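# Topology and contacts: notes
Single-letter residue listing:
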Amino acid sequence: MKSTKSVFAVLKRLRCNMLVFLTHHLGLPVLRVFRKPKPFPWTKEQLMQMDKGTMGRELAEFIDAKSIELLTHYARHDMKHIALGFDTTEEGELCLQSFMLGNGRVSFPVLATVLFGLLTAPEYWKKMQSSFKKGKTCIPIHHWDWFALIPQQTKDIKNKIFTHKTMQL
């Protein structure tokens, strides 16, 4: 008989696999049909040639460190991981989408991911709530031209995001 810990570990792994399937294998292809996003205009090699500290260079280093591919229709999402400081773990994905919802981004992927987390991941609820609240206090970023940020210093992008709305009045 399996211990309770091993059963929970299996369930958590299944939940994580389901989240990856829903986002990468179902959501992303479906969204490409409806949104027709413009493809990412750089290669990983071009990004690696950019100055240290730029979003482009950090994106190339990020995808190397995570052993993931540069997906032309997913680069904006990976840039948000960098700019917002959320890891690519299950917890990080749920918190990133919670931040985006709090920041005013209401879309199917955001709502589906947050709902999935609320229904299946009670251990992350407090962090999701904190991320949502943080998103509410930051300037809206969902309308940004993320590709224009590639040559900019990442620290400057982060400073702009995390300059709270109330401080800008």
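For the structure given in this document, a descriptive report is provided here. Note that the coordinates shown come from a computational prediction; the quantities given were computed from them, not determined experimentally.

What follows deals with the environment of Asp64. Following the sequence through the fold, Asp64 ends up in helix H3 (residues 55-65). A C-alpha to C-alpha distance of 9.3 Å links Asp64 and Lys44, two positions 20 residues apart in sequence.

The terminal C-alpha atoms of helix H6 (residues 108-120) lie 18 Å apart, and with 13 residues this matches the ideal 18 Å at 1.5 Å per residue to within 8%. Those residues of H6 lying buried are Val110, Thr113, Val114, Phe116 and Gly117. Looking down the long axis of H6, one finds its buried residues gathered within 155° of arc, a one-sided arrangement. Residues Phe108 and Leu119 are exposed on H6 and point more than 90 degrees away from its buried face.

The full count for this structure, using the stated rule, is five aromatic pairs. Among the aromatic residues, those joined into a cluster by ring pairs are Phe40, Trp42 and Phe147. Between Arg76 and the ring centre of Phe147, over which it is positioned, the NZ or CZ distance is 4.4 Å.

Positionally, Gly104 belongs in the loop between helix H5 (90-102) and H6. Relative accessible area serves as the criterion here: at 39%, Gly104 is assigned to the partly exposed category. Distance from Gly104 to Pro140, taken between C-alpha atoms, is 6.7 Å for residues 36 residues apart in sequence.

Next up on the list: the side chain of Thr54. Mapped onto the elements, Thr54 comes out in the loop between helix H2 (44-48) and H3. Looking at Thr54, its side chain comes within polar contact range of the main-chain nitrogen of Arg57, at 3.2 Å. Look past the residues within four positions of Thr54 in its chain and what remains in contact with it is Ile150, Pro151, Gln152, Gln153 and Thr154.

Rules used throughout
- Residue positions are counted from 1 within each chain, in the order its sequence is given.
- Per-residue local features of the predicted model are confined to residues with pLDDT of at least 70, and side-chain atom pairs are confined, for both listing and counting, to 80 or more; whole-chain, interface and lining totals are unaffected and use all residues.
- Values reported for side chains reflect all heavy atoms of the structure, with hydrogen atoms and water molecules removed beforehand.
- By definition, any uninterrupted DSSP run of H or I lasting at least four residues is a helix, any uninterrupted run of E lasting at least two residues is a strand, and each is numbered from the N terminus.
- Here, expected helix span is obtained from the residue count minus one, scaled by 1.5 Å.
- For each residue, the accessible area found with a 1.4 Å probe, counting protein chains only, is set against the maximum for its type, and the residue is called buried under 20%, exposed over 50%, and partly exposed in between.
- The directions considered for the arc are those from the helix axis to the C-beta atoms.
- Ring pairs are drawn from Phe, Tyr and Trp, using the six-membered ring of Trp, whenever the two centres fall within 6.5 Å, and their geometry is named by plane angle: stacked under 30 degrees, edge-to-face over 60, tilted for the rest.
- Ring-over charges, as used throughout, are those where CZ of Arg or NZ of Lys falls within 6 Å of the ring centre and within 35 degrees of the ring normal.
- Think of a polar contact as two N or O atoms within 3.5 Å of one another; within protein, one of them needs to be a possible hydrogen donor and the other a possible acceptor, and neighboring residues in sequence only count if both atoms come from side chains.
- Between two residues, a contact is recorded if the distance between any of their heavy atoms is within 4.5 Å.

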